[in-house]
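Examination of the molecular architecture
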Amino acid sequence: MADLRFSDAEPTASERRAVTAALETATDNGMSALHHPAPAPASGEPAAASSAVANDGANGSVSPLGAMPAGTAAVVVAHPRVVRGGTRRRKQLRHLLLPALHALQREAGWISPGGLNFVGRQLGVPPAEAYGVATFYDMFGTEPPSHADSVCHVCVDPICALAGADELAEQLRSQGRQTHLGPCLGQCERAPAMFIQGRGEPDRVPADDDESNSFVASVTAEAPDAPCLLRRMVPGVAGRPPSAESFTMDAYQQRGGGEALAAALRMGPDEVISAVSAAGLSGRGGAAFPTGIKWRAVADGGGPKHVVANIDESEPGTFKDRLLCERDPLAVIESITVAGLVVGAEHGWIYIRGEYPLATQRLRGAITTAREHGWLGNDAAGSGQRFDIELRRGAGAYICGEETALFNSLEGFRGEPRNKPPFPTTHGLFGRPTVVNNPETLLNVSEILRIGPDGYRSAGTQGSPGTKLFCLSGHIGRPGLYEAPFGMRLGDLVDLAGGVQGTLRAVLLGGAAGSFVGPDALELPLSLEDTRAAGTTLGSGPVMVFNDTADMSAVVQRLAQFFRDESCGQCVPCRVGTVRQHEIVTRIRDTGAVSGREIELISDIAAAMGDASICGLGHTAASAVVSALRLGLLEDATT
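Summarised in this report is the structure supplied together with it. (Residues numbered from 1 in each chain as written. Predicted model: local features only at pLDDT ≥ 70, side-chain atom pairs only at ≥ 80, totals over all residues. Heavy atoms only, no water.)

To continue, consider the overall build of the chain. In terms of regular secondary structure, the chain is built from 23 helices and 16 strands. When burial is assessed residue by residue, the chain has 57% of its 639 residues classed as buried. For the chain, the share of sequence-separated contacts (at least 6 apart) that also reach a separation of at least 24 residues comes to 74%. Carbon and sulfur atoms make up 51% of the accessible area of the chain, which amounts to about 23,200 Å² in all. (Helix = DSSP H or I, 4+ residues; strand = E, 2+ residues; numbered from the N terminus. Buried < 20%, exposed > 50% of the residue type's maximum accessible area, 1.4 Å probe, protein only. Contact = heavy atoms within 4.5 Å. Areas by Shrake-Rupley, 256 points an atom, 1.4 Å probe, with all protein chains shown as cover.)

The mixed open sheet is built from six strands, whose spatial order is β7-β13-β12-β16-β14-β15. Of all strands in the sheet, those bounded by a partner on one side alone are β7 (215-218) and β15 (515-517). Between one strand and the next, the sheet's axes are offset by a mean angle of 25°, whatever the strand orientation. By the bridge criterion, three bridges tie strand β14 (residues 504-509) to β15 in an arrangement that is antiparallel. Across the sheet, valine 507 pairs through a bridge with valine 517, a residue of β15. (Pairing = 2+ DSSP bridges. Axes fitted to C-alpha atoms, helices over the stretch in contact; angles between N-to-C directions.)

By secondary structure assignment, the location of serine 7 is in the segment before α1 (13-29). What makes serine 7 partly exposed here is its relative accessible area of 25%. Placed 107 residues apart in sequence, serine 7 and glycine 114 show a C-alpha to C-alpha distance of 8.1 Å. Ignoring sequence-local partners within four residues, the contact set of serine 7 consists of Pro113 and Asn117. In this structure the side chain of serine 7 is engaged in a polar contact, spanning 3.2 Å, whose partner is the backbone nitrogen of alanine 9. (Polar contact = N/O pair within 3.5 Å; in protein donor to acceptor, adjacent residues only side chain to side chain.)

Further remarks concern the sheet that holds strand β8 (residues 306-311). In space, the four strands of this open sheet follow the order β10-β9-β8-β11, with parallel pairing throughout. With partners counted over all chains shown, the strands left at the sheet margins are β10 (388-393) and β11 (434-437), one partner each. Taken pair by pair, the neighbouring strands of this sheet meet at an average axis angle of 20°, ignoring direction. Sheet strands touched by helix α14 (residues 357-372): β8, β9 (347-352) and β10. Its angle to β10, the strand with the most contacts, is close to 165°.

Our focus in this paragraph is the side chain of arginine 190. Considering the arrangement of structural elements, one finds arginine 190 in the loop between β5 (178-182) and β6 (194-197). What makes arginine 190 buried here is its relative accessible area of 10%. One polar contact links arginine 190 to aspartate 208, side chain to side chain, over a distance of 2.7 Å. Aside from chain neighbours lying at most four places away, what touches arginine 190 is Val205, Ala207, Asp208, Asn213, Ser214 and Arg322.

Before going further, it helps to spend a moment on the pairing of β10. The element β10 is largely enclosed, with a buried count of six among its six residues. Of the two faces of β10, the one lined by Asp388, Glu390 and Arg392 and the one lined by Ile389, Leu391 and Arg393 are each fully buried. Examined bridge by bridge, β9 and β10 share six bridges and lie parallel to one another. Bridging across to β10, isoleucine 350 finds its partner in leucine 391.

Taken as a whole and judged by the stated rule, the model has nine aromatic pairs. Here tyrosine 137 and phenylalanine 140 contribute two aromatic rings whose centre-to-centre distance is 5.8 Å and whose plane-to-plane angle is 75°, an arrangement assigned as edge-to-face. For phenylalanine 140, a relative accessible area of 7% gives the class buried. The lysine or arginine in question, arginine 94, covers the ring of phenylalanine 413, its NZ or CZ lying 3.9 Å from the ring centre. Here the guanidinium or amino end of arginine 478 rests over the ring plane of phenylalanine 215, the centre of that ring lying 4.8 Å away. (Phe/Tyr/Trp six-rings, centres within 6.5 Å; stacked < 30°, edge-to-face > 60°. Lys NZ or Arg CZ within 6 Å of the ring centre and 35° of its normal.)

Take the layout of surface pockets next. Here the largest pocket is characterised by a volume of approximately 1,300 Å³. Together, 46 residues line the largest pocket, and Gly285, Gly286, Ala287, Gly401 and Glu402 are the ones closest to its centre. When contributions to the lining of the largest pocket are tallied by element, the ones reaching two or more residues are α11 (291-299), α12 (320-327), β11 and α22 (616-620). For the lining of the largest pocket, the element with the highest residue contribution is α22, accounting for four residues. Classifying every residue of the lining of the largest pocket gives 14 nonpolar, 22 polar and ten charged. Its boundaries defined by the atoms lining it, the second largest pocket holds a volume of some 980 Å³. (1 Å grid on protein atoms, 1.4 Å probe; cavity = no way out; pocket = protein on both sides within 12 Å on 5 of 7 lines; lining within 4 Å. Points joined across faces, edges and corners; volume = space filled by probe spheres on them. Nonpolar A, V, L, I, M, F, W, Y, C, P; charged D, E, K, R; others polar.)

Attention shifts here to empty space enclosed by the protein. Per the stated rule, a full pass over the model turns up six cavities of 30 Å³ or more. In this model, the largest cavity occupies a volume close to 130 Å³. In terms of lining residues, the largest cavity is bounded by 14 residues, among which Pro183, Cys184, Arg353, Glu355 and Gly396 are the most central. Considering the residues around the second largest cavity, the lining is formed by 13 residues, among which Pro417, Cys568, Cys571, Cys574 and Cys615 are closest to the centre. Its residues placed into classes, the lining of the second largest cavity shows eight nonpolar, five polar and no charged.

This is the structure:
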């Protein structure tokens, strides 16, 4: 591979230390072997002791799953006459690129040329390619900052805009804080949202200091034989975090934790997959693909397999996975382990968005706890199978929620979607059969194992069995996370959350990729089949409520800007279409009038993106705008 570079710049000592520590941590806590097991040292050959050309790396370490030779660099000098390197080793290491870039950004406040060159040498990635990856993500800077401070990210998407995002940003600037305006931060229930990206210090979210500000409720909580995903959640405590004891294995098992894993081991893979299929579980990330079919396809595949928990929820209005991971992290780890053992995978992955520091911290703690109690490792939960989990943080890219874009990001490439077919069940992460589910889907499997398919089907509808997690925000009495059976009327769900504050103008179902509905849709049953028949979608569960004081043309303009900014630019229909859509919506807002020609243009753009885009972002980028035009929400545009 050509070693394309921009300069001969060298890293600072602190950058070198930060990257080295990040790579050591990744291989100490993760599975550095992956899909290309490296050969063991020849008999009598000295073990690798130092990494890298010029001795500028970390001492080697062995992952819990072994198989990776010591040394976290593409070229390891094990002895004056023994040097390890080559294509296979580079492939083994490239997945560490994202952690290395995070380390550089935190240490220096940007991805410097010297730091990039050092990462390239360590991982065998040409700096030009690493630069291409770094520029893909919103959380990485490639220009030297004019300050040495941490950066306050303020969400300016619709819900936070309604709640005073502009005022919050102005307040921060007046205090001399570095402020970055950006997309949804997954805190819509406590808007306006802020995330502090640390420089020389950990990332943090100020609102996490009081977890009681996130309301959580389940309609099925009092019915022991009905599905309830929120049953074991650790409650938020006003003014302080929950006690550390709440997240121990003993406390988790007292709340019923571990029952699903025990049931899966008792039943065996075939019976578990049959139960999931009989229960009618479909994916909760938005596509609603039957989970049993996906698991069966991967279980029947050969060779190394992977299970990926997709926690890169970046859909404006969505925050359910964040709360699941913050309040019930061991349940997430248990459910991933069940999936891994059932489909015969050795490798589990968590891909979590970079703006979720508390959820990341608690998941890492849960992984450690699970290892200490034998749930993970060479004999996972006493199954005789090898299974372990590694966590990776995203870096601010909505598109990485798309499963194949997520694979590319995990593998150390730009997070751009792949063409399908082939599908992840045969050619997923590292080209191997892969199960990808979000935490809500995985926790539903645990509930099926707890109460059986018939008990699971006791909630919901025939076509949409079980419950759904809904994220309610906006002009609503009590924003929060609500679990309700499929089929509950939209109006009843809104009433459950305290009712509309003011006079209802519109509800956005499914987030930015969803559709607006008007007050006449309050009778709509919230099931997959009913929303589909009504020409809308549940998506991943966001329900954003707007009253008649909201500037709806500004809301729609921001949604159009969101897709313009978040399109990865790989395919022409989406790259051009999202820009043209935003231009038209902006023109409508500026002129205060909607013409037939503009409606026709939007319709043509929507058709082109829907028919010809590579992935779901382009397919749904016009949904909210088209529905807003249909409901007349842009007619209040003002000059």
